[in-house]
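Summary of structural features
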Amino acid sequence: MATHIEEGRAMKGKDIACLLIVAAQIVWANSALADAPGQKVFEARCNGCHFRDGFGTYTLAMKFGSPRADLTARTDLEPAYIRQVVRRGLINMPAQTRVEVTGADLDAIVAYLTRPRSAP
Amino acid sequence: VLPPRVSARNFEKALRALAGVVGDSWVLSSEDDLRPYRDNYAPGDVASHVPSAVVAPASVDEIRGALKVANQYRVPLWPLSRGKNLGYGGSAPRMSGTVLLDLSRMNRILEVNERAAYCVVEPGVSFFDLFNALQGNKIPLWISAPGNGWGSVVGNALERGIGQSPYGDHASKVCGMEVVLADGSIVRTGMGAMGNSAMWPLFRYGFGPSWDQVFMQSNYGIVTRMGLWLMPEPEASIVMTMDLPEEGDLEWIIDVLHPLRLAGVTQNNPSVGNVIRLAATLSQREQWFKEKRPMPDDVIREIAKALKLGWWHFDVRLFGHDEINEVNARLVRDAFAAHTSVEFKVRKWKRGEPIMQSGTSLPGTFALQIVNWRGGQGGHMDFSPVSPPTGAHAMKQYRMARKRYEEFGFDYSGGFTLGERHLNHISMVLFDRNDEEMTRKARELYRLLVKEAAAEGYGEYRTHLSFMDDVAATYNFGGNSLLKLNEAVKDALDPNGILAPGKQGIWPRTLRKDAR
């Protein structure tokens, strides 16, 4: 479904309309899957850009390649680094205010993105 | 940074009093807490728009409490619904030292009426929130989202934002507001003034002067709730996409589209964009062209070929009963067939199929990708004058703007959104904030574009914080009589000048002399 991310910079011939359709679809798919509290907070606060085909995911794929694009699949994110990016922003990602992403929200997001996972 | 003419001691006292109103945790003043409120896409003048603190009330009562403190200590407040007006200043204030009044916590959807097709929302509700609430509850009403779905429904309508659905002129769908004035009084506009009328979100005018428009793009009050009309889900839609190959095609495209738009054959405002506008949402400039100079035509043609686009790309979206859509589609096809052999690509949708295929304006953030065009830390400003809806005006504006963009070293990225009786030319100055020279040129280019457009009678309909005085000065009939009226209203409603000083070029009496 998200083939253009795998293609990264090579997605020149992609049908734009299809791409945007796919983008909207995945916001929902993620919402339907929400169960863990941290996942819910991530989806409420971060999914505007960091759902699978969102602006954030797409930008990361363009800059660093697809393995680093989907934050929810990453296993290399350190808590301190997540906190810094959320509060200070990164490249074109705006920093998140403490009113919108509260301290408790940020704790939950960190817990979700650094949750223990079995090896693939 | 402090507000003008407020001592450090009094500012400290004001912050303590504000904390007494909203609670300690909702007054922010540390450097770390303020940084995220700076304009993330600032055209090189971050220091001109730095807040001194943030107050985040959760209710109308708390807003009134904050206003009392602000009046007592003469501390200015900059209300923001969600602060996502990216490209126009984000959550930053016009004047450094202003305290931000962040209304994000007031995020309730107060009512959705399916039968009468409206909602009543607070300022903290985002397009994502409203969309998810409607879809999650299977309510067959559609929102009209702008490019940035992260933003506030209320804030976007107040700034007269646009979407691509038939309800895309968001300000025109507002029906009734609750507004807290600088003195703390609460006004309900239109039928809301009756107190017991069910007509508040249904009939716009009420009795006497109509105030909804007066609270848009102004600094006269704090909007705490808004009635907004929503589009009933249609039976079907047809999205017709067209790509035309020549730069000169723009003129006849507008002339063919306009009668169709005026007659209601197409109900949304089609937007005719150039190759670079689309390429910038999907790729970075260096993929196509390594040089710093503006992209030459042959490279633009290569991009168009690779992305399967024309020089100009647009779509016509038809919503309603299936049979009527089919007739309208034929009218559109026939009108274009008289000028070109290029055919529309057609996508059809019927109720029950996934909404993302319907062609309505769904919330997303993908459009923000444009800031990556030049690489580095991206920034963008929109130049958006309005003109009469003719091909000749479109072509004249396009040539004027493209020439200047290229003189200053930028690619022209933009398009023309066609309304029933106006054409809105929106082009984007995309720059890399790490490049000081480029950022300075972006500012210079913008000022020149505003000035030259105004000389031809083309006025901006919104602008970044840094250029509000420039644009206000172009609306100068009768010795700036409109600005004088705006200032007279400002002084009457807000004698201490505490609400959003300088917004849209409207300065309170207390600061007017210094501001000029």
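No experiment lies behind these values; they were computed from the predicted model shown. (Residues numbered from 1 in each chain as written. Chains lettered and ligands numbered in written order. Predicted model: local features only at pLDDT ≥ 70, side-chain atom pairs only at ≥ 80, totals over all residues. Heavy atoms only, no water.)

**Quick look at the overall build of chain A**
Inclusion rule: To qualify as a helix, a DSSP run of H or I must reach at least 4 residues; to qualify as a strand, a run of E must reach at least 2; elements of each kind are numbered from the N terminus. For every residue, the accessible area obtained with a 1.4 Å probe (protein chains only) is divided by the maximum for its type, and the residue is called buried under 20%, exposed over 50%, and partly exposed between those limits. It only takes one pair of heavy atoms within 4.5 Å for two residues to be counted as in contact.
Broken down by element type, chain A carries 7 helices and 0 strands. Reading chain A from its N terminus to its C terminus gives the helix and strand order α-α-α-α-α-α-α. Burial analysis of chain A (120 residues in total) assigns 49% to the buried set. Contacts spanning at least 24 positions in sequence make up 54% of the contacts within chain A whose residues lie at least 6 apart.

**A short note on the overall build of chain B**
Rules: Per-residue accessibility takes into account occlusion by the displayed protein chains alone, with areas from the Shrake-Rupley method and a 1.4 Å probe.
Assigned secondary structure in chain B consists of 14 helices and 20 strands. Sequence-distant contacts, at least 24 apart, represent 73% of the contacts inside chain B between residues at least 6 apart. With an accessible surface of roughly 20100 Å², chain B has 52% of that area assigned to carbon and sulfur atoms.

**What about the interface of chain A and chain B?**
Filter applied, for reference: Each of two parts loses accessible area, computed with a 1.4 Å probe, when they are put together; buried area is these two losses added. Salt bridge, as used here, is a side-chain nitrogen of Lys or Arg placed within 4 Å of a carboxyl oxygen of Asp or Glu. What qualifies as a polar contact is a pair of N or O atoms within 3.5 Å, subject to a donor-acceptor requirement within protein and to the restriction that residues adjacent in sequence count only when both atoms come from side chains. When residue character is reported, Ala, Val, Leu, Ile, Met, Phe, Trp, Tyr, Cys and Pro are called nonpolar, Asp, Glu, Lys and Arg charged, and the others, Gly included, polar.
Counting from both sides, the interface comprises 34 residues of chain A and, opposite them, 48 residues of chain B. In total, chain A and chain B occlude about 3600 Å² of area from one another, counting both sides; carbon and sulfur atoms represent 60% of this. Where chain A touches chain B, the interface holds 4 salt bridges. Across the salt bridge formed by Asp33 of chain B and Arg98 of chain A, the nearest N and O atoms sit 2.9 Å from each other. At the surface where chain A touches chain B, the tally comes to 12 residue pairs in polar contact (both at pLDDT 80 or more). Those elements that place two or more of their residues in the side of chain A that touches chain B are α2 (16-33), α4 (47-50), α5 (55-64) and α6 (79-88) of chain A. Counting residues per element, the side of chain A that touches chain B draws most heavily on α2 of chain A, at 8 residues. Of the residues belonging to the side of chain A that touches chain B, the class tally is 17 nonpolar, 9 polar and 8 charged.

**Details of the packing of aromatic side chains**
Residue and element names in this part refer to chain B. Applied cut-off: Between 30 and 60 degrees the pair is tilted, below 30 it is stacked and above 60 it is edge-to-face, where a pair is any two Phe, Tyr or Trp rings, Trp via its six-membered ring, whose centres lie within 6.5 Å.
Counted by the stated rule, this structure contains 16 aromatic pairs over all chains. Their ring planes at 70° and their centres at 5.1 Å tell us that Trp312 and Tyr398 sit as a pair that is edge-to-face. With Trp312 in strand β14 (residues 312-320) and Tyr398 in helix α10 (residues 391-407), this residue pair connects regions lying 86 residues apart in the sequence. Both residues of the pair, Trp312 and Tyr398, belong to the buried class.

**Focus on the confidence of the model for chain A**
Put simply, the rule reads: Confidence of the predictor at the level of single residues is captured by pLDDT, which takes values from 0 to 100.
In this model, chain A carries a mean pLDDT of 75, and residues with pLDDT of at least 70 account for 68%. Segment residues 1-34 of chain A is flagged for pLDDT under 50; beyond a separation of four residues in sequence, or across chains, it makes 66 contacts in the model.

**With respect to α6 of chain A**
Buried within α6 of chain A we find Ile82, Val85, Val86 and Arg87 of chain A. Of the residues flanking the end of α6 of chain A, it is Gly89 of chain A, one or two places downstream, whose phi is positive at about 80°.

**A few points about the nonpolar core**
Residue and element names in this part refer to chain B. So the rule is basically this: Nonpolar cores were defined as sets of buried Ala, Val, Leu, Ile, Met, Phe, Trp, Tyr and Cys residues, with membership established by side-chain atoms within 4.5 Å.
One finds Phe314 and Phe336 to be the most contacted residues of the largest nonpolar core, which totals 71 residues. Filtering out sequence-adjacent residues up to four positions away, Phe314 remains in contact with Met240, Thr241, Met242, Leu244, Ile253, Leu257, Ser271, Val272, Phe336 and Phe344. If you look at the next biggest cluster of nonpolar residues, it comprises 42 residues, including Val6, Ala53, Ile222 and Leu499.

**With respect to a nonpolar patch on the surface**
Here is the rule: Patches here: salt-bridge-free residues with over 30% relative accessible area, like charges joined within 9 Å, nonpolar side chains (Val, Leu, Ile, Met, Phe, Trp, Tyr) joined within 5 Å.
On the surface, Met199, Leu202, Phe203 and Tyr205 of chain B cluster together into a nonpolar patch covering about 360 Å² of accessible area. Within the secondary structure layout, Phe203 of chain B lies in the loop between β9 (186-188) and β10 (222-229).

**A short note on the pattern of salt bridges**
Residue and element names in this part refer to chain B. If you walk through the whole model with that rule in mind, you get 38 salt bridges over all chains. With a closest N to O distance of 3.6 Å, Arg38 and Glu31 form a salt bridge. Taking relative accessible area as the criterion, Glu31 reaches 45% and is therefore assigned partly exposed. The partner of Glu437 in a salt bridge is Lys441, and the shortest N-O contact between them spans 3.8 Å. On the criterion of helical spacing, the pair formed by Glu437 and Lys441 is a turn pair, its members being 4 residues apart in helix α11 (residues 436-455). Owing to a relative accessible area of 39%, Glu437 belongs among the partly exposed residues under this scheme. For Lys441, a relative accessible area of 28% translates into the label partly exposed. Shared partners join several salt bridges into a network, and the residues in it are Glu247, Asp297, Arg402 and Glu406.

**Considering the sheet that holds β10 of chain B**
Residue and element names in this part refer to chain B. Rules: Pairing between strands is defined by DSSP: at least two bridges between the two strands are required. Between N-to-C directions, angles cover 0 to 180 degrees, with each direction set by a line fitted to C-alpha atoms, over the stretch in contact for helices.
Judged by pairing direction, the sheet is antiparallel, and its 5 strands sit side by side in the order β5-β6-β10-β8-β9 without closing on themselves. The open sheet has two edge strands with one neighbour each: β5 (109-113) and β9. Adjacent strand axes in the sheet meet at a mean angle of 10°, parallel and antiparallel pairs treated alike. As paired elements, β5 and strand β6 (residues 118-121) share 4 bridges and run antiparallel to each other. Residue Asn113 lies in a different strand from β6, and its bridge partner there is Tyr118. Running at roughly 50° to strand β8 (residues 174-180), helix α3 (residues 60-73) makes contact with β8, β9 and β10 of the sheet. Contacts from helix α4 (residues 127-136) reach β5 and β6 within the one sheet, and its direction differs from that of β5 by about 45°.

**With respect to the sheet that holds strand β3 (residues 77-80) of chain B**
Strand-to-strand pairing in sheets goes through backbone hydrogen bonds, with the strands running parallel or antiparallel. Residues and elements named next belong to chain B. Read across the open sheet, the 4 strands follow the order β1-β2-β4-β3; overall the sheet is mixed. The sheet is open, and its two borders are formed by β1 (27-28) and β3, each paired with just one other strand. Examined bridge by bridge, β3 and strand β4 (residues 99-102) share 4 bridges and lie parallel to one another. Residue pairing for β4: Leu77 is matched across the bridge by Val99.

**A closer look at the environment of Thr360 of chain B**
All names here are of chain B. Relative to the helices and strands, Thr360 resides in the loop between β15 (345-350) and β16 (378-383). Distance from Thr360 to Gly90, taken between C-alpha atoms, is 25 Å for residues 270 residues apart in sequence. Discounting residues that sit within four places of it in the chain, Thr360 has contacts with Trp142, Ile143, Ser165, Arg317, Phe319 and Ile355.

**Some details on empty space enclosed by the protein**
Residues and elements named next belong to chain B. What counts is decided by this rule: Cavity means a closed set of points on a 1 Å grid over the protein atoms alone, one where a 1.4 Å probe fits but cannot get out, pocket means an open set with protein on both sides within 12 Å along at least 5 of 7 lines, and lining means a residue has an atom within 4 Å of a point. Grid points are joined across faces, edges and corners, and a volume is the space filled by probe spheres set on the points.
The full count for this structure, using the stated rule, is 6 cavities of 30 Å³ or more. A volume near 110 Å³ is recorded for the largest cavity. Of all the secondary-structure elements, those providing two or more residues to the lining of the largest cavity are α4, α5 (153-158) and β10. The leading source of residues in the lining of the largest cavity is α5, at 3 residues.

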